[in-house]
Amino acid sequence: MENKDSILKKALAKREEGGLAFNFSYRMMEKVRLEAEKKRKRQKLILVSALTAASLFILALLVYFIFFYLKINTANYLPEFKWESLQASKPIFDFYWYIGGIAIVLLGLDYWLRKKQKKNSY
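Residues numbered from 1 in each chain as written. Predicted model: local features only at pLDDT ≥ 70, side-chain atom pairs only at ≥ 80, totals over all residues. Heavy atoms only, no water.

Asks: So what's going on with the pattern of salt bridges? Which residues, and what values?
Replies: Throughout the structure, instances matching the rule amount to four salt bridges. A salt bridge links Glu35 to Lys38, with the nearest nitrogen and oxygen atoms 3.9 Å apart. Taken together, the residues Glu35 and Lys38, both in helix H2 (residues 24-69) and three residues apart, mark about one turn of the helix. Between Glu37 and Arg40 there is a salt bridge; the shortest N-O distance is 2.5 Å. Residue Glu37 and its partner Arg40 are both found in helix H2; the two are separated by three residues, about one turn of the helix. Judged by its relative accessible area of 44%, Arg40 falls in the partly exposed class. (Salt bridge = Lys/Arg side-chain N within 4 Å of Asp/Glu carboxyl O. Helix = DSSP H or I, 4+ residues; strand = E, 2+ residues; numbered from the N terminus. Buried < 20%, exposed > 50% of the residue type's maximum accessible area, 1.4 Å probe, protein only.)

Following this line, the structure appears as structure tokens:
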């Protein structure tokens with residue numbers, strides 16, 4: 001950080017001598033603002049990622065605790081639910097997973113392209 005500070009001090013000293021462009025301060029402050037915005041977005045992404053990971057971990061622990069530690073058998077609570085019928089309809093579930101995966105990938109691609117187009121329009 002001190003290296004950046006010394007570079008800024010040298011540049012400002014040059015400006016006082018008349019060696020820099022008249023809009024140097026504005027351009028430099030714009031660069032500083034953009035870097036601060038990038039840092040804020042990075043921190044937000046890290047925070048959201050950590051929160052999501054922690055939530056999924058807690059949910060996985062809850063499922064593990066309920067089904068393995070308490071040894072709850074779902075057949076006792078859902079007697080009309082037939083696991084065999086679920087196995088027979090496995091191909092349709094695979095198809096739904098395939099279509100859902102494609103939809104998520106396309107939505108992510110759409111979001112990324114819109115973000116890129118918005119950035120280029122400025």
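Asks: Residue-level account of the layout of surface pockets, with values.
Replies: Of the pockets and cavities examined, the largest pocket occupies roughly 690 Å³. Forming the boundary of the largest pocket are 15 residues, of which Glu37, Lys38, Lys41, Lys115 and Lys119 lie nearest the centre. Elements supplying a minimum of two residues to the lining of the largest pocket: H2 and helix H5 (90-121). For the lining of the largest pocket, the element with the most residues is H2, which contributes nine residues. Grouping the constituent residues of the lining of the largest pocket by class yields four nonpolar, no polar and eleven charged. (1 Å grid on protein atoms, 1.4 Å probe; cavity = no way out; pocket = protein on both sides within 12 Å on 5 of 7 lines; lining within 4 Å. Points joined across faces, edges and corners; volume = space filled by probe spheres on them. Nonpolar A, V, L, I, M, F, W, Y, C, P; charged D, E, K, R; others polar.)

Asks: How would you explain a nonpolar patch on the surface if you had to name every residue and give the values?
Replies: Residues Ile92, Phe93, Phe95, Tyr96, Trp97, Tyr98, Ile99, Ile102, Leu106, Leu109, Trp112 and Leu113 make up a contiguous nonpolar surface patch of about 1,300 Å² in total accessible area. Take Ile99: it is sitting in helix H5. (Patch = residues over 30% accessible without salt bridge, like charges linked within 9 Å, V, L, I, M, F, W, Y side chains within 5 Å. Areas by Shrake-Rupley, 256 points an atom, 1.4 Å probe, with all protein chains shown as cover.)

Asks: Outline the packing of aromatic side chains, listing residues and values.
Replies: A full pass over the atoms with the stated rule returns three aromatic pairs. Here Phe65 and Tyr69 contribute two aromatic rings whose centre-to-centre distance is 5.0 Å and whose plane-to-plane angle is 20 degrees, an arrangement assigned as stacked. Taken together, the residues Phe65 and Tyr69, both in helix H2 and four residues apart, mark about one turn of the helix. Here Phe65 falls in the partly exposed class, since its relative accessible area comes to 40%. You can call Tyr69 exposed: its relative accessible area is 59%. Relative to Tyr96, the ring of Phe95 has its centre 6.1 Å away and its plane inclined at 50 degrees; by these criteria the two rings are tilted. (Phe/Tyr/Trp six-rings, centres within 6.5 Å; stacked < 30°, edge-to-face > 60°.)

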